[in-house]
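Inside the fold
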Amino acid sequence: MIGKGFMSLYREALLGKSDERITAFTSSLEEDKLIVKEVIEVLIAHTSHLRDKGLIPQDAAVKILNELSKLLKDSSILFTMNVEDVHEAIELYLRNVVGDDAGWLALGRSRNDHVAAALRLKTKKTIIALIGELINLRSTVINKARKYVDVPLPTFTHLQPAQISTVAHYLTYIEESLRVYTNILNYILTEVIDKSPLGSGASTGTIVPIDRHELARLLGFSDVLVNTLFATSSRDFISITASIVTSLLVALSRIAEDFIIWCTPQYDYIIPPSTHLSTSSIMPHKRNLVTMEVIRALGGEAIGHLTAILSISKGVPSGYNLDLQEINKHLLRLLLNTLEAVTVFRDFMDGVEFNVEKIRDDIMKYPLTTTELAEFLSLKLGVPYREAHRMVASVIKEVGGNDLRKICEELSRRLGVDVSDLNEVIDFENALRLKKVVGSPNPEVMSKHLREVEDILLKDREKYMNLRSSSGVGNEL
Ligand code: ARG
């Protein structure tokens, strides 16, 4: 029977029986649940390759492959054992159901090259899914922006009202940030992640004549990691991936923070989908934007995972050490958190609307076009901008900052400039129109920008569809 206390496979000939508590301490079995599918896929490829090359008896291969496919459907039995890891659990299970023939599966492989392959495979699948979700999110954000090209919104610097903008301008800021992550994830997928370590053995390869390129192809890897020590020992692909997804979560957490602020009754700028709000068990009036709070927290958690990954890696001598096993859970948790955060964020962006009236009220309340006023004076009077800035500031000091018309009247009086010219500049719709620079919120500039980013998105989606079909990776994780 397989169960607690089942004999251990690797250690007994040399070291004798293990201590159950010590095995539990060093075991990765619990965390291996997240990569069991990939571990089995790797074993299936390995066994098929040995069979195709005539390196193991055909009938043994058939029996092993049969049992591995059953495990692929239901692997729960593996997680009832007291073993070092899922690799040992699978071998023990196979020996129990197939007999000694199961031992052929161990030829020409090590857990070191196999766990690296399974981790790379899992990372690859998740990053492809993440690229797909980012593209969907960008599409949602672009569609929303199209609705709000003309709707004004203040920007904030130091959380103080700053300049006049539009909702579409805010939304395309999100899109551009996500576009950068789409590109960089595509890049690390091909350059860093999608490479096979298989056939590298424990550290220096194997005398079993494995064709590493063929084996890589069997698993859908697009290339091999050449140096076998690098292949088995490096976890750079984990720290690089973790750095990027952590930066993505940190970027999302800042946007989540904006929405949390705008959801307060004091701002009241957004109408979030009610599914993203929670209430209070005691205060009947509460509407808390909890999904954004969780996303904000996940940004912090990601930094924790990344810090753990880097701190564990640092100082581990080259070659496999069990410290590396302790990295896995951080990577896997981080990847799943990121995917979930992006998916929930998309649902939020799909449902959120902006409270145009409240935003307009605020725009009338705060002097958001004083920059344009000073710029106009500098250009019109031919005075250095620093001087124009000083003139506007001194008028604000005298008449107060909140009444732009009064500011214009005083400036006109002091400088002899036509007040109607000044009033035109401070009008926020006009100020927006005057901003012709690329990337500004000017509705015409924005409409052109939206057409351009839609084209880029179409190309990115096409690239993603090719990636999915060529890697054979669907939506399953
Ligand atoms: N469970 C390990 C991991 O997840 C793989 C085992 C390698 N163990 C060893 N003693 N070489 O990294």
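Quick look at the structure, then. Throughout this description, residue numbers start from 1 for each chain and increase along the sequence as written. Under the rules for a predicted model, residues below a pLDDT of 70 receive no local features and side-chain atom pairs below 80 are neither given nor counted, while totals for whole chains, interfaces and linings still include all residues. For side-chain calculations, the full set of non-hydrogen atoms in the structure is used, while hydrogens and water are omitted.

**A short note on the site of the ligand**
The condition is simple: The rule for a residue being near a molecule or strand is that one of its heavy atoms must lie within 4 Å of it. Definition of a polar contact: a pair of N or O atoms within 3.5 Å, with one able to donate and the other able to accept a hydrogen when the atoms are protein atoms, and with sequence-neighbouring residues admitted only if both atoms are side-chain atoms. In this description, accessible areas are obtained by the Shrake-Rupley approach with a 1.4 Å probe, and a residue is regarded as covered only by the protein chains that are shown. Helix and strand definitions here come from DSSP, where helices need a minimum of 4 consecutive H or I residues and strands a minimum of 2 consecutive E residues; each element is numbered from the N-terminal end.
Around the ligand, the surrounding shell consists of Ser28, Asp85, Arg111, Asn112, Val115, Tyr320, Gln325 and Asn328. In the model, a nitrogen atom of the ligand is placed 2.9 Å from a nitrogen or oxygen of the Asn112 side chain. One nitrogen or oxygen atom from the side chain of Gln325 is found 2.8 Å from a nitrogen atom belonging to the ligand. Protein chains shield 84% of the accessible area of the ligand, which is 350 Å² for the free molecule. Of all the secondary structure elements, the ones that give two or more residues to the shell around the ligand are α7 (111-147) and α13 (325-351). Here the shell around the ligand takes 3 residues from α7, the largest share from any one element.

**Re the pattern of salt bridges**
Our working rule: Note on definitions: salt bridges are taken to be side-chain nitrogens of Lys or Arg within 4 Å of carboxyl oxygens of Asp or Glu. Type-normalised accessible area, obtained with a 1.4 Å probe on protein chains alone, sets the label of each residue: buried when under 20%, exposed when over 50%, and partly exposed for intermediate values.
Taken as a whole and judged by the stated rule, the model has 32 salt bridges. Ionic pairing is found between Lys33 and Glu30, a salt bridge with its closest N-O pair at 3.1 Å. Of the residues examined, Lys33 reaches a relative accessible area of 41% and is grouped as partly exposed. According to the relative accessible area criterion, Glu30 is exposed, its value standing at 54%.

**Structural notes on the packing of aromatic side chains**
Spelled out, the test is: Aromatic contacts are taken between Phe, Tyr and Trp rings whose centres are within 6.5 Å, Trp giving its six-membered ring; a plane angle under 30 degrees counts as stacked, one over 60 as edge-to-face, and the others as tilted. A ring has a charge above it when a Lys NZ or an Arg CZ is no more than 6 Å from the ring centre and no more than 35 degrees off the ring normal.
Enumeration according to the criterion identifies 13 aromatic pairs in this entry. For the pair Trp262 and Phe354, a centre-to-centre distance of 6.5 Å together with 65° between the ring planes defines the contact as edge-to-face. With Trp262 in helix α11 (residues 236-262) and Phe354 in strand β6 (residues 353-354), this pair connects stretches of sequence that are 92 residues apart. The burial state of Trp262 is the same as that of Phe354; both residues are buried. A network of ring pairs unites the aromatic residues Tyr148, Phe156, Tyr170, Tyr173, Phe259, Trp262, Tyr267, Tyr269, Phe345, Phe348 and Phe354 as a single cluster. Above the face of the Phe237 ring, Arg120 is positioned so that its terminal group lies 4.1 Å from the ring centre.

**Side note on the packing of α7 against α13**
We apply this condition: Between N-to-C directions, angles cover 0 to 180 degrees, with each direction set by a line fitted to C-alpha atoms, over the stretch in contact for helices. When describing relative orientation, an angle under 35 degrees is termed roughly parallel and one over 145 degrees roughly antiparallel, while 65 to 115 degrees is termed roughly perpendicular and anything else oblique. We call a crossing left-handed when the near helix sits turned anticlockwise from the far one by less than a right angle, and right-handed when that turn is clockwise. All residues other than Ala, Val, Leu, Ile, Met, Phe, Trp, Tyr, Cys, Pro, Asp, Glu, Lys and Arg, Gly among them, are scored as polar; the first ten of these are nonpolar and the last four charged.
The interhelical angle for the contact between α7 and α13, taken along N-to-C directions, is 15°, at an axis separation of 9 Å. Regarding the angle of α7 to α13, the classification is roughly parallel. Of the two elements, α7 crosses α13, and the hand of that crossing is left-handed. Within the contact of α7 with α13, the residues separate by chemical class into 15 nonpolar, 8 polar and 5 charged.

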